[in-house]
Amino acid sequence: MESIYKYGWIIPLLPLVSSITIGLGLFFFPKATKSLRRTYAIISTLLLSIAMFISFDLLWQQIAGSPTYRYLWSWIPDQDVTLEVGYPIDPLTSIMLVLVTTIGVTVMIHSDSYMSHDQGYVRFFAYLSLSTASMLGLVISPNSIQIYIFRELVGMCSYLLIGFWFTRPSAANACQKAFITNRVGDFGLLLGTSGFYWITGSFKFEDLFERFNESLANHEVSLFLATPCALLFPLGPVAKSAQFPLHVWLPDAMEGPTPISAPIHAATMVAAGIFLVARMFPLFKTLPLVMSSISWVGGVTASLGATVALAQKDLKRVLAYSTMSQLGYMMLALGIGSYRAASFHLITHAYPKALSSPGSGSVIHSMEPIVGYCPDKSQNIALMGGLRKYVPITGTTFLLGTLSLCGIPPLACFWSKDEIIADSWLYFPILGWIARFTAGLTGFYTFRMYFLTLEGDFRANPSKNLISSYVSPWENSRFGTSSQKQTDSALPLAQNRIESFDPSENIQEFSDKNVKNSVSTQSSREEYSPHPKESDNTMLFPLLILTIPTLLVGFIGVPSYQEEMGPDLLSHWLDPSLSLSNQINYENWLLEFIANATVSVGTASLGIFTASILYGPIPFFPRDLRQKTDLQLEGILGHFSSLLYNWSYSRGYIDGYYNIVFIKGTRILAKIISFFDQWIIDGIVNGVGISGSFGGEGSRYGEGGRISYYLFGFISGTIILLLVVINYKHDFFP
C-alpha cells in the first residue's frame, strides 16, 4: 500500500515536466516546437493520464480503508521557524486529485480540436499543463505556506489563460481584473496565515488545529484576536471561488478560450477556494461567528449568482454565474457545519459543470461558420436556437448536464443539492428558504439557456457579406497575420471552414465544387447559406466520457441502512465526526428523504416549467431576443419584469458601483493627494525658499556703503533691544 503512496509527488510533477518542456522548446526552438504541435499535445495528455491513473489508485486505497499517509521533508530548518514541505494522502486529497486529473485529461483532449486553428496552440498546452500542475500541488499541500505558494501559481496561470488572446482589449482587461481581485483575497489569506502562526507557532494543519483548540480550551488565546484572523483567512477562498463581494472577475474571465472554462469552473476555483475552507474546517468550526459569516456569504452568493444569470445572453457567462451559484451552495454547507454535504456537492457538481463547459465550446464551434470567430456573436444565445437537430450528440450531453445542475434525479447534483437544502433548513430556516429559492432559479435560468440555444427555430441570419464576419479585430491572434494581408489570407480559410459545415451533401464533393468558383466574388457569398454542424470526434469524446460520472457519481453518497458502513460509501471514508449529515435516523430515513426530495425537485421543476412557458419552443408570450428586455409583457407585470430583467442583465449594477467607488474614487483621491502635494507640501517648501530669496533681495537694498547708515541702524537696534530687556525684567521681576 505505502509503495504507491511514496510516489504521490509524481502526480503534480508530470504535468509540470510537460509545461517546462513546451516552454523551453518555445523559447529556444520556436519553429521546431510549433512544427511538433500535435506531438507536444499528445505528450501533455499522456503524462496527465498517467497522473490520473495514479490518483485513481490512491483513491481506491483510501476507500478500501487505508490510513492517512504523510510524507514530509524539511525545507527551512531553523531554531525559530521550521517549515516542512511534502504531501498528505487522505480522503479529501485523494478525491481532489481524481477530480483535477480526470477533468484535466478531458479538457486537453477537447482542446486538441478546439484550438487546432489557433497559432498559440502549443503555448495554450504549456499554460494548461502548468495550471494543472499548480492545482495538483495545491491539493497535496500539507501546510498553509505551501498552499499559499501554489495558490499564487494558480492565480498566475488563470491570468495567462484568461488573457490568452491578449491582443483583444476585453481579454487583456479581464485577466487584469481577475488578477487584481484575487490579490485582494490573497492579501487577507496572508494576514490570516500570519495571525494563526503567531497564535500557534505552526503552519502545518494538524499542529495548527491541535494547538489552536488547546489554546482556546485553556483560554490562552482571546476570541478578539482569533476571530479577526479566522475572518481574514477565508478572504482567499472568497476571491478564488467567486463569492460575494469578490465575484466580479468571474464573468469577465470567460474572455479566455472556451476549453479553460472547464478547469476554471470545475477544478481551479474548487481546488483553490472551497477546498481550502474544507481543509481548514476543524479550525473554523470552533468559532461560531466565522461559521455564520461563511454560511451567509455562501447563501448570498448562491442567490445572487442565480438571479444575475436570469437575463444573460452570453452562453459562457450563464455558465459562469451558474458556477458562482453552485460554489455558493458549497460555502453555505461548510458554514452550517455540513462538511459531508459540501464535499459531496464538490464531487457531484464538478462533472456536470465540466460536461457543460466543453459542451458550450462545441455549441460555439458549431456557430462559427455562420457568425465567425467573434465572441459577441458565436456565444450569443439570441443568435442560436434549434441547434439540437444539427448537433444531436452535443445537445443530448448538454441536456444531461443541465438536468444535473437543476438537481433532477437520479443525476449527480440531485443527491448533494437536496442534502444541502435539508441541512440549511435544520440550521436556520432563512438559509433554507434562500437555498430552496436558488434551486428554483437554477431550474429557470439553466433551461432558459437550453431552450434558447438548442430548441426552437434557428435565429441567426447570415449576412450577405458572409466572409467578412470572419475577419474580426483580433483575428490575428488566431491566424498570425496582420492588416490587409491578414484579411486576404483569412478569406480562403474562412470559406473552407464554411464549406465544411454544409450538412446537405458530401463535404469533399462540395469543397471540390466550390474551389472552382472565385471566393472573392460577391455572388458566391450570397448563394451559399451555411449551417451548423456537429463537432468532430475529438471534441465529442470528452463529452461522452463526462456523461458517465454525471449519471452515476451521485450514487456514492446515497444513504443506506448499513450502519456498520456508516450512512453511505462517502461517509465511510470521509471523517464522520465533521459532518452533521451523518446523524441519520435509519428508521425514518426513507420518509424524510422522499419528503425533502419532493420539495426540492418540485421547486426545480417549477423553475423549468416557467422557463418552458416563457422561452420554450412554443411561445406563449411575445418576445424579441434582439432587445435588451427580450420578454414583451404589458402592464404591471411587464414593468416588474423589465426592472428585474435590467437588474439581472446589468449584473445587479455591482460592477457599476465598484467602478464608482474604487476606480473613480481612487482617481479622485489621487487628484486630491496630488493637489495637496503640489500646493501644500511643495508650497511650504517653495515658500521657505522664496522668503529667503526675498530676504536676501531686501537686505541687498539696505547695503548703501555709508558708515553713518550702519551706525544709525546699530544704535536703533541696540535701543530697541534694551527696551525689550527692561520691559521683560519689569514684568517678571517687579
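Residues numbered from 1 in each chain as written. Predicted model: local features only at pLDDT ≥ 70, side-chain atom pairs only at ≥ 80, totals over all residues. Heavy atoms only, no water.

### Focus: the overall build of the protein
To keep it simple, the criterion reads: Numbering of helices and strands runs from the N terminus; a helix is a DSSP stretch of H or I covering at least four residues, while a strand is a stretch of E covering at least two. Relative accessible area decides the class of each residue, using a 1.4 Å probe on protein chains only: under 20% of the type maximum gives buried, over 50% gives exposed, and in between gives partly exposed. For this analysis, residues touch if any pair of their heavy atoms sits within 4.5 Å. All accessible-area figures derive from a Shrake-Rupley calculation using a 1.4 Å probe, and residue coverage is judged against the displayed protein chains alone.
Counting secondary structure elements, the protein contains 31 helices and two strands. Looking at the protein as a whole, 54% of its 734 residues qualify as buried. Considering only residue pairs separated by 6 or more positions, the protein has 78% of its internal contacts joining residues 24 or more positions apart. For the protein, the accessible area works out to roughly 32800 Å², and carbon and sulfur atoms hold 66% of it.

### Side note on the packing of aromatic side chains
Just so we agree on the cut-off: Working definition: a ring pair exists when centres of Phe, Tyr or Trp rings (six-membered ring for Trp) sit within 6.5 Å. Plane angles under 30 degrees give stacked, over 60 give edge-to-face, the rest tilted. For a lysine, the NZ atom is tested; for an arginine, the CZ atom; a charge sits over a ring if that atom is within 6 Å of the ring centre and within 35 degrees of the ring normal.
This model, assessed by the stated rule, comprises 29 aromatic pairs. Between the aromatic rings of tryptophan 296 and phenylalanine 428, the centroid separation amounts to 6.0 Å while the plane-to-plane angle is 70 degrees, which identifies the pairing as edge-to-face. Of the two residues, tryptophan 296 is situated in helix α15 (residues 288-308) and phenylalanine 428 in the loop between α20 (412-427) and α21 (429-454); the sequence distance between them amounts to 132 residues. With relative accessibility at 34%, the residue phenylalanine 428 sits in the partly exposed group. With a centroid separation of 5.8 Å and 65 degrees between ring planes, the pair formed by phenylalanine 447 and tyrosine 450 is classed as edge-to-face. Of this pair, phenylalanine 447 and tyrosine 450 both sit in helix α21, three residues apart, roughly one helical turn. Each member of the pair phenylalanine 447 and tyrosine 450 is classed as buried. Cluster of aromatic residues (ring-pair linked, three or more members): Tyr121, Phe124, Phe125, Tyr127, Phe164 and Trp165. Seen from the ring of phenylalanine 164, arginine 123 lies directly overhead, with NZ or CZ sitting 4.1 Å from the centre. Above the plane of the ring of phenylalanine 179 lies arginine 183, whose end atom (NZ or CZ) is 4.4 Å from the centre.

### Examining the environment of arginine 448
Along the polypeptide, arginine 448 turns up in helix α21. Along the sequence, arginine 448 and isoleucine 608 sit 160 residues apart, while their C-alpha atoms lie 8.1 Å from each other.

### Brief notes about the pairing of strand β2 (residues 83-89)
How we decide: Strand pairing is assigned whenever DSSP identifies at least 2 bridges connecting the two strands.
Most of β2 is tucked away: six of the seven residues are buried. As paired elements, strand β1 (residues 69-76) and β2 share seven bridges and run antiparallel to each other. Note on β2: the bridge partner recorded for tyrosine 69 is isoleucine 89.

### With respect to the confidence of the model for the protein
Put simply, the rule is: Residue-level confidence of the predictor is summarised by pLDDT, bounded by 0 at the bottom and 100 at the top.
Averaged over all residues, the pLDDT of the protein equals 80, while 79% of them reach at least 70. Counting contacts from residues 463-528, a segment whose pLDDT is below 50, to residues more than four positions away or on other chains yields 94 contacts. A low-confidence stretch, residues 576-583 stays under pLDDT 50, and its non-local contacts, those more than four residues away or across chains, total 21 contacts.

### Topic: the environment of arginine 436
When you line up the elements, arginine 436 lands in helix α21. Separated by 133 residues in sequence, arginine 436 and serine 303 have C-alpha atoms that sit 9.5 Å apart. Apart from the residues lying within four places of it in its own chain, the contact partners of arginine 436 are Ile421, Trp425, Val599 and Thr603.

### Examining the side chain of threonine 258
Keep this limit in mind: Each polar contact in these results corresponds to two N or O atoms within 3.5 Å; when the atoms are within protein, one needs to be able to donate a hydrogen and the other to accept it, and residues that are neighboring in sequence are counted only if both atoms are side-chain atoms.
Here threonine 258 shows up in the loop between α12 (249-252) and α13 (261-279). Assessed through its relative accessible area of 2%, threonine 258 is described here as buried. Of note is the side chain of threonine 258, whose polar atom sits 3.1 Å from the side chain of tyrosine 114. Excluding residues that lie within four positions of it along the chain, threonine 258 makes contacts with Tyr114, Lys316, Ser357, Ser360, Gly361 and Ile364.

### Some words on helix α8 (residues 169-200)
Rule in force here: Here, expected helix span is obtained from the residue count minus one, scaled by 1.5 Å.
With 32 residues, α8 extends 46 Å from end C-alpha to end C-alpha; this agrees with the ideal 46 Å at 1.5 Å per step. Immediately downstream of α8, the backbone of glycine 201 shows phi near 75 degrees, a positive value.

### Brief notes about the nonpolar core
For clarity, the threshold we go by: Throughout this description, the term nonpolar core refers to a set of buried Ala, Val, Leu, Ile, Met, Phe, Trp, Tyr and Cys residues connected via side-chain atoms within 4.5 Å.
The biggest cluster of nonpolar side chains holds 158 residues, and the ones touching the most others in it are Met96, Ile162, Phe196, Met280 and Phe284. Those residues in contact with phenylalanine 196 that sit more than four places away from it in its chain are Gly201, Leu208, Phe212, Ala226, Cys229, Ala230, Phe233 and Leu283. Within the second largest apolar cluster, six residues are counted, among which are Phe344, Phe414, Phe593 and Ala597.

### Observations concerning the side chain of threonine 301
With respect to the secondary-structure elements, threonine 301 resides in helix α15. Of the residues examined, threonine 301 reaches a relative accessible area of 0% and is grouped as buried.

### Here's the deal with the packing of α15 against α21
Quick note on the threshold: Angular values range over 0 to 180 degrees, each being the angle between N-to-C directions of two axes fitted as lines to C-alpha atoms, with helices fitted over their stretch in contact. By the definition adopted for this analysis, an angle is roughly parallel if under 35 degrees, roughly antiparallel if over 145, roughly perpendicular if from 65 to 115, and oblique otherwise. By definition, any crossing whose near helix is turned counterclockwise from its far helix by less than a right angle is left-handed, and any crossing with a clockwise turn is right-handed.
One can describe the packing of α15 onto α21 by two numbers: an axis separation of 9 Å at closest approach and a directional angle of 25 degrees. Put simply, α15 runs roughly parallel to α21. For the pair α15 and α21, the crossing hand works out as left-handed. Facing Ser295, Trp296, Gly299, Ala302, Ser303, Ala306 and Thr307 of α15, the residues of α21 in contact are Ile430, Leu431, Ile434, Phe437, Thr438, Leu441 and Tyr445.

### As for a nonpolar patch on the surface
Which entries qualify depends on this criterion: Think of a patch as exposed residues, more than 30% relative accessible area, with no salt bridge, where like charges cluster within 9 Å and nonpolar side chains (Val, Leu, Ile, Met, Phe, Trp, Tyr) cluster within 5 Å. Salt bridges are defined by distance alone: a side-chain nitrogen of Lys or Arg within 4 Å of a carboxyl oxygen of Asp or Glu.
A cluster of nonpolar side chains, namely Phe675, Phe676, Trp679, Ile680, Ile681, Ile684 and Val688, defines an oily patch on the protein surface of about 740 Å² accessible area. Considering the arrangement of structural elements, one finds phenylalanine 676 in helix α30 (residues 654-702).

### Some thoughts on the environment of glycine 443
Within the secondary structure, glycine 443 is located in helix α21. You can call glycine 443 buried: its relative accessible area is 0%. Setting aside chain neighbours within four positions, we find glycine 443 in contact with Cys406, Ala604, Gly607 and Ile608.

### Quick look at the packing of helix α5 (residues 91-114) against helix α6 (residues 121-139)
Rule in force here: Any residue that is not Ala, Val, Leu, Ile, Met, Phe, Trp, Tyr, Cys, Pro, Asp, Glu, Lys or Arg is counted as polar, Gly included; the first ten are nonpolar and the last four charged.
At a minimum axis separation of 10 Å, α5 and α6 run at an interaxial angle of 175 degrees. Comparing the axis directions of α5 and α6 gives the class roughly antiparallel. For the pair formed by α5 and α6, the contact residues are Thr93, Met96, Leu97, Val100, Thr101, Val107, Met108, Ser111 and Asp112 on the first element and Tyr121, Phe124, Phe125, Leu128, Ser129, Thr132, Met135, Leu136 and Val139 on the second. Among the residues making up the contact of α5 with α6, the classes are represented as twelve nonpolar, five polar and one charged.

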